[in-house]
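Each chain is listed here by its residues.
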Amino acid sequence: MTNKELANLIFPNIDKTIEDYEAIYPEREKKEGARITRFAPSPTGFVHIGNVLQALTDYLLAKNSGGVFYLRNEDTDTKREVESAVLKIMEVLEYLGLTPDEYQYQGKVVGNYGPYVQSERKEIYHAFIKYLIEIDRAYPCFCSSETLDEMRKRQEAKKSQPGYYGAWAKCRDLTNEERAERIKNGEPFVIRFKSMGNPNRKVLFHDPVTGVIEFPENNNDMVIMKSGDLLPTYHFAHVVDDHLMHTTHVVRGQEWLPSVPLHIELFNAFGFKQPEYIHNSLLLKQDGDIRRKISKRKDPEALMAYYMEKGYPKKAVIESLMTILNSNYEEWRNEHPDASYLEFEFDPSKVGTTGALYDLDKLDNISKNIISKMDKNTIYDHVVDYTKKMDPSFYELITKYEDYTIGILNIEREQEKPRKDFACLEDVKKNIWYMYDELFIEPTYEWMKITEKEEIIRIVDTYMEKYFTEGDDKETWFSKVKEMAGQLGYAMNMKEYKQNPEAYLGNVADISTVLRVTFTSKNQTPDLYEILNLLGKERMLKRIKQMKEMI
Ligand code: GLU
């Protein structure tokens, strides 16, 4: 029985050839040097920050060369929930502004190289596998999982190289007649690649990150098609897809590095040109004295959902990842403070090879800076978008009092050195809730030095009766508070107070703290003058009454 007959027996309905598919998916029209990249996650239901780093690298490579960035769903492990997972991936990409040029989701296919979902490409893979069987580079394997387990154990005991090769590869040398017989008897089988490699020979691989790496050749007859759902494995599927979709650069995790010799052999078996592989560094977390891999089980920040739930602006997430991606990014950023990150020329040789430290404090700093530079309307719009999804009751409140909220958000903003108190949009409510009567219910007053009820009341009442005038400018306001301090037996400034503390009940700062705590319950807030201006007399009186009842 010829290989061709065997191939026909296994795939009787596959009549398209590799050439047919190459005609359907011709070379892309692109300008010289344009890169075609893809983000190819397995739809697991969550998006790891390491995947985001990959997608960002892909996006950057494509966009700064005038190329194409596409999304491919590698769902050959069908046990997983695909549709909702794809939605999450698209949400993440859109949130970060890394929208793919070609993709498929919710029944919509955008791009000429689809389907972009592997489980829908089965026939294509089968045509390629059929070809490998015809040229004697693939064969059916009938070994059961028990047989393979037992083989693994024996290999372990003998300290032999694990895998399906040499004398261990029981089905490799069956005759086609034997194969056909067993197939006709309904025995389940997988398809294995027939490796011609020899681990005593070396294969050279040019990795743009690490330079040239030398590997022993692959000699493992890896499974390329599973039994049951007849879907290919990642190793095989990505070869076919990256060939037909004309991918020029593959950015993937370092865990794939050991599979490179197999991938080289697979590309060579077809005579296809391999894309460039860029293996991204692992993201590490400083945990006490050690640095360990950031883990989705232990570290909430390992998943992109964390950043979206907290409301980090996309620019902040991207900036922090860019600093990880290339060691010269920060220097470039300092020289080009206002440029888009897309103008940065990514250099694979400047990717860390030993793992990159992922630092949340750094993200917070970057983010605080970015948020502090937004004008009042921009931050308001961000807070509205965020709370609409994440905190509907606060959303109601801020949109009900739109101008008031914009005023609050503008305290110490739109100035040369703006305040940097929001690292993410979740921080906004934590910092401004007390401005809303609806939330200012039974507050915990954070009194400082002055705690006696009578003294607090004496100060507040004196202030409202004699020193508060709506519409005072800041200077007048402050000189009045000082004057009041003097009148009530407090030092009008720190210098006086320090020279002779015995002579005073305290100083002007103690007085303004009483006002601050009465009206906001907090002992630290942004500029009190601006806060009082926004609160206005009516609210202030109400809060005094509330305070008197509560303390
Ligand atoms: N589906 C593979 C993964 O999620 C993709 C690796 C690649 O990009 O080639 O790890």
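Residues numbered from 1 in each chain as written. Predicted model: local features only at pLDDT ≥ 70, side-chain atom pairs only at ≥ 80, totals over all residues. Heavy atoms only, no water.

Section: the environment of Tyr467
Link 1 in the chain: Position of Tyr467 among the secondary structure elements: in helix H18 (residues 453-467).
Link 2 in the chain: When neighbours within four sequence positions are excluded, Tyr467 is seen to be in contact with Thr462, Asp472, Lys480, Glu483, Met484 and Gln487.
Link 3 in the chain: For Tyr467, the side chain forms a polar contact with the side chain of Gln487, separated by 3.4 Å. (Helix = DSSP H or I, 4+ residues; strand = E, 2+ residues; numbered from the N terminus. Contact = heavy atoms within 4.5 Å. Polar contact = N/O pair within 3.5 Å; in protein donor to acceptor, adjacent residues only side chain to side chain.)

A closer look at the site of the ligand
Link 1 in the chain: Taken together, Arg38, Ala40, Pro41, Ser42, Glu74, Tyr234, Val251, Arg252 and Trp256 make up the full set of residues adjacent to the ligand.
Link 2 in the chain: Residue Arg38 places a side-chain N or O atom 2.7 Å away from an oxygen atom belonging to the ligand.
Link 3 in the chain: With respect to the ligand, the side chain of Trp256 contributes an N or O atom lying 3.2 Å from an oxygen atom.
Link 4 in the chain: Protein contact buries 87% of the 290 Å² of open area that the ligand shows by itself.
Link 5 in the chain: A breakdown of the residues in the shell around the ligand according to their chemical character gives 5 nonpolar, 1 polar and 3 charged. (Near = heavy atom within 4 Å. Areas by Shrake-Rupley, 256 points an atom, 1.4 Å probe, with all protein chains shown as cover. Nonpolar A, V, L, I, M, F, W, Y, C, P; charged D, E, K, R; others polar.)

Considerations on the packing of aromatic side chains
Link 1 in the chain: This model, assessed by the stated rule, comprises 29 aromatic pairs.
Link 2 in the chain: With centroids separated by 6.1 Å and ring planes inclined at 50 degrees, the aromatic side chains of Phe236 and Phe270 adopt a geometry described as tilted. Of this pair, Phe236 sits in helix H8 (residues 234-244) while Phe270 sits in helix H9 (residues 260-270), and the two are 34 residues apart along the sequence.
Link 3 in the chain: Aromatic side chains Tyr401 and Tyr404 sit 6.4 Å apart centroid to centroid with 80 degrees between the ring planes, which places their arrangement in the edge-to-face category.
Link 4 in the chain: Among the aromatic side chains, those forming a connected cluster through ring pairs are Tyr21, Phe128, Tyr131, Phe236, Phe270 and Phe272.
Link 5 in the chain: For Arg121, the ring lying beneath its charged end belongs to Tyr25, and the centroid distance is 6.0 Å.
Link 6 in the chain: Its end group placed over the ring of Tyr404, Arg539 keeps NZ or CZ at 4.2 Å from the ring centre. (Phe/Tyr/Trp six-rings, centres within 6.5 Å; stacked < 30°, edge-to-face > 60°. Lys NZ or Arg CZ within 6 Å of the ring centre and 35° of its normal.)

Some thoughts on the sheet that holds strand S13 (residues 290-293)
Link 1 in the chain: In spatial order, the strands read S13-S12-S14; together these 3 strands make up an open sheet with mixed pairing. Looking at which strands have only one partner, the edges of the open sheet turn out to be S13 and strand S14 (356-357).
Link 2 in the chain: Strand direction decides the pairing type here: strand S12 (residues 283-287) and S14, joined by 2 bridges, are parallel. When the sheet's bridge partners are listed, Leu284 is paired in S14 with Leu357. (Pairing = 2+ DSSP bridges.)

Observations concerning unusual backbone geometry
Link 1 in the chain: Note that the residue after Gly114, namely Pro115, is joined by a cis bond; omega there is 0 degrees.
Link 2 in the chain: Looking at the secondary structure, you find Pro115 in the loop between strand S4 (108-110) and helix H5 (122-134).
Link 3 in the chain: Even without a glycine there, the phi angle at Asp136 is positive, about 65 degrees.
Link 4 in the chain: On the secondary structure map, Asp136 appears in the loop between H5 and strand S5 (138-141).
Link 5 in the chain: Note on Asp136: relative accessible area 29%, which makes it partly exposed.
Link 6 in the chain: At Leu230, a position not held by glycine, the phi torsion is positive, near 60 degrees. (Buried < 20%, exposed > 50% of the residue type's maximum accessible area, 1.4 Å probe, protein only.)

Description of the packing of H5 against H8
Link 1 in the chain: In the contact formed by H5 and H8, the axes pass within 10 Å of each other and the chain directions differ by 105 degrees. If you check the angle between H5 and H8, you find them roughly perpendicular. Contact residues: Ile124, Tyr125, Phe128, Ile129 and Leu132 in H5; Phe236, Ala237, Val240, Asp241, His243 and Leu244 in H8.
Link 2 in the chain: Broken down by class, the residue content of the contact of H5 with H8 amounts to 9 nonpolar, 1 polar and 1 charged. (Axes fitted to C-alpha atoms, helices over the stretch in contact; angles between N-to-C directions. Parallel < 35°, antiparallel > 145°, perpendicular 65-115°, else oblique.)

A closer look at a negative patch on the surface
Link 1 in the chain: Among the surface-exposed residues, Asp375, Asp381, Asp385, Glu402, Asp403 and Glu414 lie close enough to one another that they form a single negatively charged patch.
Link 2 in the chain: The set of elements that each furnish at least two residues to the negative patch consists of helix H14 (376-390) and helix H16 (402-409).
Link 3 in the chain: Relative to the elements of secondary structure, Glu402 occurs in helix H16.
Link 4 in the chain: You can call Glu402 partly exposed: its relative accessible area is 38%. (Patch = residues over 30% accessible without salt bridge, like charges linked within 9 Å, V, L, I, M, F, W, Y side chains within 5 Å. Salt bridge = Lys/Arg side-chain N within 4 Å of Asp/Glu carboxyl O. Lys, Arg positive; Asp, Glu negative; His and termini not counted. Charge placed at Lys NZ, Arg CZ, Asp CG, Glu CD.)

Quick notes on the packing of H18 against helix H19 (residues 474-487)
Link 1 in the chain: Across the interface, H18 lies against H19 with an axial gap of 11 Å and an inter-helix angle of 125 degrees. Comparing their axes, H19 and H18 come out oblique. Our pair here, H18 against H19, has a crossing hand that is right-handed. Touching Ile459, Thr462, Tyr463, Lys466 and Tyr467 of H18 are Trp477, Lys480, Val481, Glu483, Met484 and Gln487, all from H19.
Link 2 in the chain: Across the contact of H18 with H19, the residue classes break down as 6 nonpolar, 2 polar and 3 charged. (Left-handed = near helix turned anticlockwise from the far one by under 90°.)

Looking at a positive patch on the surface
Link 1 in the chain: A cluster of basic residues, Lys293, Lys296, Arg297 and Lys298, forms a positive patch at the surface.
Link 2 in the chain: Within the element layout of this structure, Arg297 appears in the loop between S13 and helix H10 (304-310).

Purely geometric stuff here, so don't read any function into it on its own.
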